[in-house]
Amino acid sequence: MKTQVIKIDKNNPEIDKIQLAAEIIKKGGLVAFPTETVYGLGANALDEKATQKIFIAKGRPQDNPLIVHIGDISDLDSLVKEVPENAEELMKRFWPGPLTLIFKKREIVPDRITGGLSTVAIRMPNHKIAIELIRQSGLPIAAPSANTSGRPSPTNSHHVIEDLYGKIDMIIDGGDTGVGVESTVLDISTDIPTILRPGFVTLEDLLEIFPQVDIDPAIQNLSEKMKPKSPGQKYRHYSPKAKLTIIQGEVDNIVEKLVSLASKYEKQGLKVGIMATKQTKNKYIIGNVLEVGDRKNPETIAANLFRVLREFDKIGVDIILAEGIEEKGIGRAIMNRMKKAAGGDIILVDRKK
């Protein structure tokens, strides 16, 4: 398959170019497009044959649900059985934006995109190209991240080209994404809202609206036997080619342990990558050091995480040693992605006494 790559201005999308992409969607094809989180791989959410192409192109497990993207809140009416009262405030505050909500689905929504569940995950992206593509197609668009399943999610068109060129119909180059990690997934189909995947909309944000918000145990569970209720729960995700190990604890202890491990691996003849932060990057005199962001501004780490993992692939390291960060706010989402990428390989270093 020949993949067409077109560049579109993310601030002022050219409608004629968007319409070309929309026609592909309407005809059952696949289009990769930017959102504010990561690039998505889109197909007509109501067309089972089209959505099956997503699973094939990505090599995605069939029981891993897809998120449906809409261009207007009114689009919900044809897709969900009801909009709970607690959804109204969420949509008012966070839509369009990086929050996916779980609703009870109507029959029109194919079981293929929900993994056989009675619920469907829906969000409205906060990105002019994405919104215009949905509106020009006149269809809800199912769109997981536009990468090979299990690889780091794509935050620019070059990442999509690396993974999917020749497998899909079109790639829209809309520049770098902003948020850098996928949307928060919140299940509001139950009595207590439950986070199924942490993201840019944080637990702390949600607790400003609800007196109680649960976190699904599957976020910490890498078991292959569970039935996933949300993308990103069941399988190892976001993984670079090299083995990734996370060192977590007090910053000084992280650095000390990381230097020790890097020295050991280099003596074994291994090429070591070190994922450092702004505060620590100059403390490492061995290894291939890449700065992922600022500990005092963890949004920068979220924005750069997947790009840096892919950079290590280009360098060709054998092992990546990554600094952990505090698991609060957006840090909860960052560590979720890192732990998935590492397959749970974490070294905890003692706190200073």
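In the block above lies the structure referred to throughout.
About the thresholds
- Residues numbered from 1 in each chain as written.
- Predicted model: local features only at pLDDT ≥ 70, side-chain atom pairs only at ≥ 80, totals over all residues.
- Heavy atoms only, no water.
- Helix = DSSP H or I, 4+ residues; strand = E, 2+ residues; numbered from the N terminus.
- Buried < 20%, exposed > 50% of the residue type's maximum accessible area, 1.4 Å probe, protein only.
- Contact = heavy atoms within 4.5 Å.
- Areas by Shrake-Rupley, 256 points an atom, 1.4 Å probe, with all protein chains shown as cover.
- Lys, Arg positive; Asp, Glu negative; His and termini not counted.
- Charge placed at Lys NZ, Arg CZ, Asp CG, Glu CD.
- 1 Å grid on protein atoms, 1.4 Å probe; cavity = no way out; pocket = protein on both sides within 12 Å on 5 of 7 lines; lining within 4 Å.
- Points joined across faces, edges and corners; volume = space filled by probe spheres on them.
- Pairing = 2+ DSSP bridges.
- Axes fitted to C-alpha atoms, helices over the stretch in contact; angles between N-to-C directions.
- Phe/Tyr/Trp six-rings, centres within 6.5 Å; stacked < 30°, edge-to-face > 60°.
- Parallel < 35°, antiparallel > 145°, perpendicular 65-115°, else oblique.
- Left-handed = near helix turned anticlockwise from the far one by under 90°.
- Nonpolar A, V, L, I, M, F, W, Y, C, P; charged D, E, K, R; others polar.
- Patch = residues over 30% accessible without salt bridge, like charges linked within 9 Å, V, L, I, M, F, W, Y side chains within 5 Å.
- Salt bridge = Lys/Arg side-chain N within 4 Å of Asp/Glu carboxyl O.
- Core = buried A, V, L, I, M, F, W, Y, C linked by side-chain atoms within 4.5 Å.

J.: Mind showing me how you'd approach the overall build of the protein chain here?
T.: Secondary structure summary: the protein chain contains ten helices and 16 strands in total. Each principal axis of the C-alpha atoms in the protein chain carries an extent, and together these give about 60 × 50 × 40 Å. Considering the protein chain as a whole, with its 353 residues, one finds that 57% of them fall into the buried category. Counting only contacts in the protein chain whose residues sit at least 6 apart along the sequence, the fraction spanning at least 24 positions is 68%. When the accessible surface of the protein chain is split by element, carbon and sulfur atoms take 48% of a total near 14900 Å². Of note, the protein chain has its 50 positive side-chain charges centred 5 Å away from the centre of its 47 negative side-chain charges.

J.: I would appreciate a short explanation of unusual backbone geometry in the present structure.
T.: Note: most peptide bonds trans; most residues except glycine with negative phi. In the segment running from W95 into P96, the intervening peptide bond is cis, with an omega of -10 degrees. You can see P96 is positioned in the loop between α3 (85–94) and β5 (99–104).

J.: Explain empty space enclosed by the protein to me, please; I cannot follow it from the model alone.
T.: Where empty space is left in the structure can be found by rolling a water-sized probe over the atoms. The full count for this structure, using the stated rule, is three cavities of 30 Å³ or more. In this structure, the largest cavity encloses a volume near 290 Å³. Sorting the residues of the lining of the largest cavity by element identifies β3 (39–44) and β4 (67–69) as the ones contributing at least two each.

J.: What am I meant to see in the sheet that holds strand β2 (residues 31–34) here?
T.: In any sheet, the strands associate via hydrogen bonds between backbone groups, in a parallel or an antiparallel arrangement. Taken together, eleven strands build an open sheet; the order of strands is β1-β8-β2-β3-β7-β4-β6-β5-β9-β10-β11 and the sheet is mixed. Two strands lie at the open edges of the sheet, namely β1 (4–7) and β11 (214–215), each paired on one side alone. Where β1 meets strand β8 (residues 170–173), four bridges bridge the pair, whose relative direction is parallel. Bridging from a neighbouring strand, K7 pairs with D173 of β8. In the packing of helix α1 (residues 15–26) onto the sheet, contacts are made with β1, β2, β3, β7 (141–142) and β8, and the angle to β8 comes to roughly 150 degrees.

J.: I would appreciate a short explanation of the packing of aromatic side chains in the present structure.
T.: For any pair of aromatic rings, the description consists of the separation of the ring centres together with the inter-plane angle of the planes. For the coordinates displayed, the defined rule picks out one aromatic pair. An angle of 25 degrees between the planes, with centres 5.3 Å apart, marks the rings of Y238 and F306 as stacked. Placement of the pair is Y238 in the loop between β11 and β12 (243–248) and F306 in helix α9 (residues 298–315), with a sequence separation of 68 residues. Note on accessibility: Y238 and F306 belong to one class, buried.

J.: Teacher, can you tell me more about the packing of α1 against helix α5 (residues 128–137) here?
T.: Each pair of packed helices can be described by the angle between their axes along with the distance between the axes. α5 packs onto α1 with a crossing angle of 55 degrees between their chain directions and a minimal axis gap of 8 Å. Taken together, the axis directions place α1 and α5 in an arrangement best described as oblique. In this structure, α1 meets α5 at a crossing whose hand is right-handed. Side by side, α1 and α5 meet where I15, I18, Q19, A21, A22, I25 and K26 of the first sit next to I129, E132, L133, Q136 and S137 of the second. Grouping the amino acids of the contact of α1 with α5 by side-chain chemistry returns seven nonpolar, three polar and two charged.

J.: For this particular structure, what's the right way to read the pairing of strand β6 (residues 119–123)?
T.: Across a regular strand the side chains alternate sides, sitting on one face of the sheet and then on the other. A large share of β6 lies buried, amounting to five of its five residues. Taking every second residue as pointing to the same face, both faces of β6 are buried, with T119, A121 and R123 on one and V120 and I122 on the other. Here β5 pairs with β6 via four bridges, running antiparallel. Bridge pairing links I102 to A121 in β6.

J.: What is the right way to read the layout of surface pockets from this model?
T.: Of the pockets and cavities examined, the largest pocket occupies roughly 390 Å³. Around the largest pocket, the lining comprises 16 residues; the ones closest to its centre are G249, R295, I325, E326 and E327. Contributions of two or more residues to the lining of the largest pocket are made by α8 (251–267) and α9. For the lining of the largest pocket, a count of residues per class yields six nonpolar, four polar and six charged.

J.: Help me out: how do you make sense of a nonpolar patch on the surface in this one?
T.: Where nonpolar side chains cluster on the molecular surface, the patch consists of V5, I161 and Y165 and spans about 240 Å² of accessible area. Along the chain, Y165 turns up in the loop between α6 (157–164) and β8. Y165 gets classed as partly exposed once you look at its relative accessible area, which sits at 44%.

J.: What am I meant to see in the nonpolar core here?
T.: Here is a general trend for soluble globular proteins: nonpolar side chains tend to be buried in one another's company. Ranked by size, the top nonpolar core spans 45 residues in total, and within it L41, L90, W95, L101, F103, I122 and L186 carry the most contacts. Of all elements in the fold, only β3, α2 (48–58), α3, β5, β6, α6 and α7 (203–206) reach the threshold of two or more residues within this core. The contacts of F103, once residues within four sequence positions are left out, are L76, V80, E82, V83, P84, A87, W95, S118, T119, V120, I122 and I188.

J.: Quick question: what am I supposed to make of the environment of G174 here?
T.: Locating G174 in the fold gives a position in the loop between β8 and β9 (184–187). Residue classification places G174 among the buried residues on the basis of a relative accessible area of 4%.

J.: Would you mind showing me how to read the sheet that holds β12 here?
T.: On the basis of which strands lie adjacent, the open sheet formed by five strands has the order β14-β13-β15-β12-β16 and parallel pairing. Unpaired on one side and paired on the other, β14 (288–291) and β16 (346–348) mark the two borders of the sheet. Strand-to-strand, the axes of this sheet are offset by a mean angle of 20 degrees, without reference to chain direction. Direction of pairing for β12 relative to β16: parallel, over a ladder of three bridges. Bridged to Q248 within β16 is L348. Of the strands in this sheet, β12, β13 (272–276), β15 (319–323) and β16 touch helix α10 (residues 330–341), which is tilted by about 135 degrees from β12.

Coordinates in, geometry out; function isn't part of it.
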